[in-house]
Every structure is written in structure tokens, then in C-alpha cells.
Amino acid sequence: MSVGGQSAPRYSGIAAVLRRRIETGELAPGDRVPSTREITRRWGVAMATATKALTELRREGLVRAVPGVGTVVAPRDRPARPARPAAPPHRGGPSGASSDPAALTLGRIVAAAVTVADAEGLAAVSMRRVAAELGAATMSLYRHVADKDDLLTRMMDRVVAERPLPSDRPESWREAVELAVRQFWDLFRRHPWLAAALSVTRPQMITTALPYSEWVLATLHEQGLDPRTAFTAHLMLLNHARGTAIHLETEREAEADSGLGSEEWMDTQEPALMAILAGGGFPELSRLTTTGYELDLDALFEFGLRRLLDGLGVLLGETPQPS
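Going along each chain's sequence as written, the residues are numbered from 1 onward. Under the rules for a predicted model, residues below a pLDDT of 70 receive no local features and side-chain atom pairs below 80 are neither given nor counted, while totals for whole chains, interfaces and linings still include all residues. Side-chain measures here rest on the full set of heavy atoms in the structure, leaving out hydrogens and waters.

Draft legend 1. How the structure looks around the overall build of the protein chain. Working definition: helices are DSSP H or I runs of at least four residues, strands are E runs of at least two. Numbering for both runs from the N terminus. Scanning the protein chain from N- to C-terminus turns up 13 helices and 4 strands. Each of the 323 residues in the protein chain was classed as buried or not, and the buried ones make up 39%. When a residue's accessible area, from a 1.4 Å probe over protein chains only, is under 20% of the maximum for its type it is buried; when over 50% it is exposed; and in between it is partly exposed.

Draft legend 2. Spotlight on the UniProt feature "DNA-binding region" (unreviewed entry) in the protein chain. Under the present numbering, the feature "DNA-binding region" (unreviewed entry) in UniProt falls on residues 126-145. As annotated, residues 126-145 comprises 40% helix and 0% strand, and the C-alpha atoms at either end are separated by 12 Å. UniProt positions are given in the numbering used here, feature names are shortened, and annotations may be inferred rather than shown by experiment.

Draft legend 3. Highlighting the nonpolar core. The nonpolar core is taken to be a set of buried Ala, Val, Leu, Ile, Met, Phe, Trp, Tyr and Cys residues, with the residues joined through side-chain atoms within 4.5 Å. Core analysis: the largest hydrophobic core is formed by 58 residues, its most contacted members being Val-125, Val-130, Leu-151, Met-155, Phe-184, Trp-193 and Leu-220. Where this core is concerned, the elements lending two or more residues are α4 (106-120), α5 (127-134), α6 (148-160), α7 (173-190), α8 (193-197), α9 (210-222), α10 (227-258) and α13 (297-315). No other element matches the 9 residues that α7 contributes to this core. Membership of the second largest hydrophobic core comes to 16 residues, among which are Ile-22, Ala-50, Ala-53 and Leu-57.

Draft legend 4. Region of the structure containing the pattern of salt bridges. Just to be clear on terms, a salt bridge is a Lys or Arg side-chain nitrogen sitting within 4 Å of an Asp or Glu carboxyl oxygen. The full count for this structure, using the stated rule, is 16 salt bridges. One salt bridge connects Asp-150 with Arg-154, and the closest N-O pair in it is separated by 3.2 Å. Taken together, the residues Asp-150 and Arg-154, both in helix α6 and 4 residues apart, mark about one turn of the helix. Among the residues examined, Arg-154 registers a relative accessible area of 33% and is labelled partly exposed. One salt bridge in this structure joins Asp-298 and Arg-189, with 2.7 Å as the shortest N-O distance. Of this pair, Asp-298 sits in helix α13 while Arg-189 sits in helix α7, and the two are 109 residues apart along the sequence. Residue classification places Asp-298 among the partly exposed positions, given a relative accessible area of 27%.

Draft legend 5. Fine view of the packing of helix α1 (residues 10-23) against helix α2 (residues 36-43). Angles shown run from 0 to 180 degrees and are taken between the N-to-C directions of axes, each axis being a line fitted to C-alpha atoms and, for helices, limited to the stretch in contact. Relative to each other, α1 and α2 sit at 110°, their axes nearing to 12 Å. Comparing the axis directions of α1 and α2 gives the class roughly perpendicular. In this structure, α1 contributes Arg-10, Ile-14, Val-17, Leu-18 and Arg-21 to the contact, and α2 contributes Ile-39, Arg-42 and Trp-43. Residue composition of the contact of α1 with α2, grouped by class: 5 nonpolar, no polar and 3 charged. For this classification, under 35 degrees means roughly parallel, over 145 means roughly antiparallel, 65 to 115 means roughly perpendicular, and everything else is oblique. In this analysis, two residues are considered to be in contact whenever any of their non-hydrogen atoms come within 4.5 Å of each other. The residue classification treats Ala, Val, Leu, Ile, Met, Phe, Trp, Tyr, Cys and Pro as nonpolar and Asp, Glu, Lys and Arg as charged. All others, Gly included, are polar.

Draft legend 6. Broad picture of the environment of Leu-165. Structurally, Leu-165 is set in the loop between α6 and α7. Classification of Leu-165 as buried rests on a relative accessible area of 17%. Once the C-alpha coordinates of Leu-165 and Leu-179 are considered, the two residues, 14 residues apart in sequence, prove to be 8.5 Å apart. Dropping the residues within four chain positions of it, Leu-165 is found in contact with Leu-179, Ala-180, Gln-183, Pro-211, Tyr-212 and Trp-215.

Draft legend 7. Up close: the packing of aromatic side chains. To pair, rings of Phe, Tyr and Trp, with the six-membered ring standing in for Trp, must have centres within 6.5 Å; the planes then decide the type, stacked if under 30 degrees apart, edge-to-face if over 60, and tilted in the middle. On inspection of all chains with the given rule, the structure shows 3 aromatic pairs. Note on Phe-184 and Tyr-212: the rings are 4.7 Å apart at their centroids and 65° apart in plane angle, and the pair reads as edge-to-face. Taken as a pair, Phe-184 in helix α7 and Tyr-212 in helix α9 lie far apart in primary sequence, 28 residues in all. We classify Phe-184 as buried; its relative accessible area is 8%. Residue classification places Tyr-212 among the buried positions, given a relative accessible area of 3%. With centroids separated by 4.4 Å and ring planes inclined at 5°, the aromatic side chains of Trp-185 and Phe-301 adopt a geometry described as stacked. Taken together, the residues Trp-185 in helix α7 and Phe-301 in helix α13 connect sequence positions 116 residues apart. Of the residues examined, Trp-185 reaches a relative accessible area of 7% and is grouped as buried. Given the relative accessible area of 1%, Phe-301 is considered buried. Ring pairs connect the aromatic residues Phe-184, Phe-188 and Tyr-212, which therefore count as one cluster.

Encoded structure:
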């Protein structure tokens with residue numbers, strides 16, 4: 001491939017092949033595109049070249065990095081952001097902002113804050129930013145929420161309410177507990193900021209999360225666990241989901257700062273790692289580099305959840321089953 005008589009960079013040619021596969025539908029939205037490692041093998045190029053090819057597609061909005069999954073084809077024809085309603089005439093507030101308290105409701109404020117957090121991360125949420133999203137004066141928000149901490153608690157309360165537990169618990173303790181943990185994992189996946197915002201050591205008063213605690217405690221109490229042990233088991237399982245999901249938000253922040261997805265960043269570290277392993281002091285890690293390992297947060301969550309439930313079964317007096 002040449003441009004103006006000169007050969008185009010190799011990474012542009014690779015990007016062109018992948019771009020064509022995306023545009024023709026061969027790679028559909030959500031499909032994983034070849035990783036940098038796969039590109040180096042398939043095209044016989046250096047890791048830096050493979051990284052540049054994916055970076056070019058990312059800048060064009062054709063692909064995006066999904067923490068714990070890899071680089072996937074971005075959704076097509078994303079709905080345009082709805083236009084903000086025209087602000088009422090200026091009445092003493094900041095320019096272009098409404099000072100009419102009737103123009104705001106608590107529900108609108110919380111919904112706007114969740115939208116910002118989902119799209120840009122929790123760090124982007126501020127009273128000023130939420131007010132701007134609503135076309136309102138910043139101080140008008142304080143008629144509905146006490147401060148940012150109050151707003152954050154209400155945000156968590158709102159998103160947890162998206163996944164209410166069913167009215168009836170499964171008869172199997174394992175199915176009942178697993179259902180509750182999986183629903184929280186799904187919430188963390190939908191809202192990457194939620195895991196980092198949720199505190200285990202200083203728990204916020206999230207009323208919509210109380211049914212989850214009651215569900216797990218009642219299930220384990222029926223199996224003979226005392227309240228303290230049951231609550232410890234509940235926190236253990238919740239923190240497994242939270243501890244795994246907390247990387248969703250940190251990875252999003254790291255990608256925004258570096259411009260590199262997790263795979264691309266790891267590739268930049270490979271030369272230094274291989275130099276260390278060449279000394280022969282870490283044979284198991286060296287063996288792992290030959291077989292390869294791709295971090296998948298969903299798989300990590302599944303593996304840990306199964307092991308934790310197996311261990312809880314032993315505590316409840318069940319005979320361990322191979323899994």
C-alpha cells in the first residue's frame with residue numbers, strides 16, 4: 001500500500017484490513033478484534049506496530065477496550081445525546097442556568113449524576129457538572145441533596161434498585177446465594193463506578209441493598225449458621241464481586257490517562273519482564289509466558305465464586321463435590 005508514491009506504514013495496512021472486516025459486518029459490534037499478540041503472529045510485525053494498528057482504530061471510534069475482556073468492535077450508530085431543554089430567562093443565577101427550583105426534581109438530579117458516572121467515571125461527577133447537565137444553577141441542587149456524599153448514596157440506591165431480587169428464594173441455598181451475588185456482579189458490570197463507590201468498612205445507607213443482605217442472611221440462617229458467621233459469609237461473597245469489579249473503573253481511568261487498553265499496556269511491559277525472566281530465577285512465570293494468559297474478569301469472578309461457594313458448602317457440612 002502506498003500514499004503519494006510512498007509506502008504507508010505497516011500498521012495502517014493492518015488497520016485497513018480490520019476496518020474493512022468491521023465495515024462489512026464480518027466483525028460485529030461486541031466481537032473481539034485480534035489482540036496485539038494475535039496481530040504480531042498473523043502479520044509477523046513487532047508489538048509496537050500491532051499496538052499502533054489498534055490505536056488507529058480506537059481513535060476512529062471503531063473499537064473500544066473493555067476491561068477484563070479485550071478490544072472489541074464498538075457499537076454502531078450510537079444514539080445522539082438528547083439536547084438539553086432551553087434554559088428559562090436568566091434570573092440571577094449563573095449565565096444560562098435556571099434559578100427556578102421547580103425546574104428540578106431529586107429524580108432528575110440523581111439520574112443525571114448516574115449518566116455522567118456511567119459515561120465518564122465517578123471522578124467526573126460534581127455538583128457543578130450535574131447542574132450543567134440539567135441546565136440549572138449549581139446551588140439549586142442543594143435544595144434536593146445535602147452534598148456530594150448524599151448524592152452518591154442516592155446514585156447507588158437508584159442503580160441497585162434496577163435489579164430487585166425475585167419474590168421467592170430458590171430452595172437450594174447455593175442457588176439462592178449465587179443468584180444474589182451474580183445480580184450484584186451484573187450491577188457492577190453495568191455501572192463500573194459502583195464497586196469503587198461502595199464501601200465495606202464504612203457502609204452507606206443504601207436501602208435498596210438491604211433486601212440483598214436479608215436474602216443471604218435468611219438463606220444461611222436456615223442452614224444453621226449463626227448470625228455473625230452468616231454475615232461474615234455475606235460480606236466475603238459481596239467483597240469477592242466488588243473486589244473483582246473494582247478494576248473496571250480503575251482500568252477505565254488508566255486507559256483514559258495512557259490512551260492504551262490493558263493488552264496494549266501489558267505489551268509495553270513485556271520486554272522488561274522477559275529480560276528479568278531470562279535469568280532463570282522464575283521458572284513457573286517463564287512457563288506461563290510460553291503458554292500465554294489473557295485476563296478475563298468475568299472468568300476470574302466465576303472461578304472465585306465457585307471456590308467460595310464450595311468452601312461455604314463444607315462449612316455447612318456438605319460433602320465436597322468435584323467442580
